[in-house]
Amino acid sequence: MRKYFPPAEKKVFSVSTYLMDCVFCGKRAPSKFLSLCVDCAKSEKALVIAEKLHQRKGGNVKACKLCANECKGLALCGKPIYGNLIYYEDPLPTNCCNAWFCEGSRLSGTNLAVFYYGCNFDCVFCQNWSHKNVNRRFVSLEELLSVIEKRRIRCICHFGGSPEPQLPFALKFSRKALEKRSDLMICWEWNGAGNTSLALKAAELSSKSNGTVKFDLKAWNENLHVLLTGRNPERVRKNFEIIGEKFPEVLSATTLLVPYYVDEKEVEEIASFIASVNENIPYSLLVFHPDYLLRDLPITPREQVFNCFKTAKKFLKNVNIGNLHLLGL
Ligand code: SF4
Ligand code: SF4
Ligand code: SF4
Ligand SMILES: [Zn+2]
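Residues numbered from 1 in each chain as written. Chains lettered and ligands numbered in written order. Predicted model: local features only at pLDDT ≥ 70, side-chain atom pairs only at ≥ 80, totals over all residues. Heavy atoms only, no water.

*Asks:* Mind laying out the coordination of the zinc ion (ligand 4), listing which residues take part and the relevant values?
*Replies:* Coordination of the zinc ion (ligand 4) by the protein comes from C22 (SG), C25 (SG), C37 (SG) and C40 (SG), over a distance range of 2.3 Å. Every donor counted, the four donor atoms about the zinc ion (ligand 4) form angles of 103 to 116 degrees at the centre, which fits tetrahedral coordination. We note that the donor set of the zinc ion (ligand 4) lies within a single chain, spaced as C-x2-C-x11-C-x2-C. Taken as a pair, C37 and C40 share a single burial class, namely buried. (Donors = N, O, S within 2.8 Å, 3.2 Å for Na, K, Ca; no water. Tetrahedral: all angles 85-135°; square planar, octahedral: opposite > 155°, others 65-115°. Buried < 20%, exposed > 50% of the residue type's maximum accessible area, 1.4 Å probe, protein only.)

This is the structure:
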């Protein structure tokens with residue numbers, strides 16, 4: 001995922017790796033917080049722990065279909081409120097996850113980063129978890145449209161949190177922005193669990209504007225996915241396939257290499273899935289650093305990173321490693 005603000009300086013993380021026994025089988029659990037060994041984290045037993053980790057909280061909605069959660073009553077994203085966002089300009093090339101191949105990174109000028117508060121997922125490793133706590137701030141469509149009149153802005157990155165709960169607003173802004181400035185590129189960095197027809201409209205805008213749509217494919221094993229994110233991956237994959245049928249040229253994907261848990265087997269399945277859509281889709285493996293609730297794991301071990309890279313290369317033509325600086329490289 002794209003980091004909220006571009007890191008001005010490298011952070012030094014004091015990491016202590018707690019080792020403990022898995023609460024189910026007694027084998028070694030890499031994370032005290034998760035309290036599961038890798039095997040149990042991929043088994044149905046993980047759902048018991050997931051239930052405890054992902055407390056349900058948020059405002060109320062009658063019936064919302066803006067994303068795969070399809071809430072009735074409690075809003076799992078906190079409650080979608082259009083315009084609840086912050087924006088800033090970032091000189092190109094930026095820290096977008098797609099910066100390693102995208103068109104915008106070859107241009108001079110700036111990127112308009114639009115960070116949407118709220119998210120329909122609940123990842124325990126969220127690097128942008130401030131989206132949960134920030135006082136709500138509202139930006140009007142008019143204000144955003146006046147910003148993109150600056151000719152130095154070359155592309156718009158919708159990210160967050162996640163744009164899914166605010167997609168109708170984001171789509172309206174993007175359409176009007178392209179009416180004003182047909183030279184802009186429209187890009188999305190999301191978890192991919194949005195309403196399918198809205199997600200397709202977003203992808204169409206990216207296709208027309210030479211932009212990108214980046215999915216975060218967080219784990220292949222469904223139990224592990226629920227453990228780490230609080231949500232099932234089914235709709236994410238469906239959306240990826242559906243966009244891949246119509247607009248394969250916009251797609252890309254990332255996977256955060258959570259130490260020990262998101263291992264070669266996970267990457268093998270994910271890379272094979274991406275290749276079944278199109279083997280040219282760019283895929284970036286992101287080195288993990290401790291954040292939010294998952295602070296008792298280290299930076300992804302080098303061996304895991306390079307083994308996952310080799311595995312992904314067996315299936316896909318364009319594979320990258322992101323956050324290499326965390327490995328001191
Ligand atoms: S917004 Fe799109 S084109 Fe611009 S830097 Fe990010 S990924 Fe590249
Ligand atoms: S999808 Fe997960 S990692 Fe990304 S912003 Fe939402 S909670 Fe955080
Ligand atoms: S956007 Fe998604 S998570 Fe938020 S209320 Fe609607 S269905 Fe629920
Ligand atoms: Zn176990």
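*Asks:* Explain the sheet that holds strand β10 (residues 251-257) to me, and be specific about the residues and the numbers.
*Replies:* Pairing within the open sheet is mixed, and its eight strands lie in the order β5-β6-β7-β8-β9-β10-β11-β12. Sheet topology places β5 (85-91) and β12 (319-322) at the edges, where each strand pairs with a single neighbour. This sheet shows a mean twist of 20 degrees between the axes of neighbouring strands, independent of strand direction. Across four bridges, the pairing between strand β11 (residues 283-287) and β12 is parallel. Of the residues in β12, the one forming a bridge with S284 is N320. This element, helix α5 (residues 196-209), spans β8 (185-190) and β9 (213-216) of the sheet and lies at about 140 degrees to β8. Against the sheet, helix α8 (residues 264-277) contacts β10 and β11, and its axis sits at roughly 155 degrees relative to β11. (Pairing = 2+ DSSP bridges. Helix = DSSP H or I, 4+ residues; strand = E, 2+ residues; numbered from the N terminus. Axes fitted to C-alpha atoms, helices over the stretch in contact; angles between N-to-C directions. Contact = heavy atoms within 4.5 Å.)

*Asks:* Describe in detail the site of ligand 3, supporting the description with residues and values.
*Replies:* Taken together, 13 residues sit near ligand 3, with C64, C67, N69, C71 and C77 positioned nearest. For the shell around ligand 3, the per-class residue count stands at ten nonpolar, two polar and one charged. (Near = heavy atom within 4 Å. Nonpolar A, V, L, I, M, F, W, Y, C, P; charged D, E, K, R; others polar.)

*Asks:* Break down the packing of helix α2 (residues 46-53) against helix α6 (residues 222-229) for me, with residues and values.
*Replies:* As a packed pair, α2 and α6 sit with axes 8 Å apart at the nearest point and diverge in direction by 20 degrees. Taken together, the axes of α2 and α6 are roughly parallel relative to one another. The two elements α2 and α6 meet at a crossing, and its hand is left-handed. Packed against α2, whose contacting residues are A46, L47, I49, A50 and L53, the element α6 presents N223, V226 and L227 at the interface. Residue composition of the contact of α2 with α6, by class: seven nonpolar, one polar and no charged. (Parallel < 35°, antiparallel > 145°, perpendicular 65-115°, else oblique. Left-handed = near helix turned anticlockwise from the far one by under 90°.)

*Asks:* Report on the nonpolar core, specifying residues and quantitative values.
*Replies:* With 96 residues, the main nonpolar core has F173, L227, I243, V258, I274 and Y283 as its most contacted residues. Ranked by the residues each element gives to this core, the list is headed by helix α4 (residues 167-180), at seven residues. With eight residues, the next largest nonpolar core counts Y88, C96, F115 and C157 among its residues. (Core = buried A, V, L, I, M, F, W, Y, C linked by side-chain atoms within 4.5 Å.)

*Asks:* Talk me through the packing of aromatic side chains; I want residue IDs and the actual numbers.
*Replies:* By the definition in use, this model includes nine aromatic pairs. Taking the centre distance of 5.5 Å and the plane angle of 70 degrees together, the rings of F115 and Y117 count as edge-to-face. When the centroid spacing of 6.0 Å and the interplanar angle of 85 degrees are considered together, the rings of W190 and F215 count as edge-to-face. You can see W190 sitting in strand β8 and its partner F215 sitting in strand β9, a full 25 residues away along the chain. By relative accessible area, W190 is classed as buried at 3%. By way of ring pairs, the aromatic residues W188, W190, F215, W220, F240 and F273 are connected into one cluster. (Phe/Tyr/Trp six-rings, centres within 6.5 Å; stacked < 30°, edge-to-face > 60°.)

*Asks:* Provide a residue-level description of the environment of P298, including the pertinent values.
*Replies:* Tracing the chain through its elements places P298 in the loop between β11 and α9 (302-313). For P298 and P259, which are 39 residues apart along the polypeptide, the C-alpha to C-alpha distance reads 7.0 Å.

*Asks:* Give me α8: which residues, what numbers.
*Replies:* In a regular helix each residue adds 1.5 Å, so 14 residues correspond to 20 Å; α8 covers 20 Å between its end C-alpha atoms and thus fits that length. Every buried residue of α8 is accounted for by E266, V267, I270, A271, F273 and I274. Each buried residue of α8 sits inside an arc of 160 degrees when the element is viewed along its axis, so together they form one side. More than 90 degrees from the buried face of α8, the exposed residues found are K265 and S276. At its buried positions, α8 is contacted by α6, α7 (234-246), β10, β11 and α9. (Expected span 1.5 Å × (residues − 1). Arc of directions from axis to C-beta.)

*Asks:* Describe α2, and please don't skip the residues or the numbers.
*Replies:* Residues of α2 that are buried include every one of A46, I49, A50 and L53, and no others. Looking straight down α2, one finds its buried side chains confined to an arc of 105 degrees; they lie on one side. Set apart from the buried face of α2 by more than 90 degrees, the exposed residues are E51 and K52. Looking at the buried residues of α2, the elements they touch are α1 (38-41) and α6.

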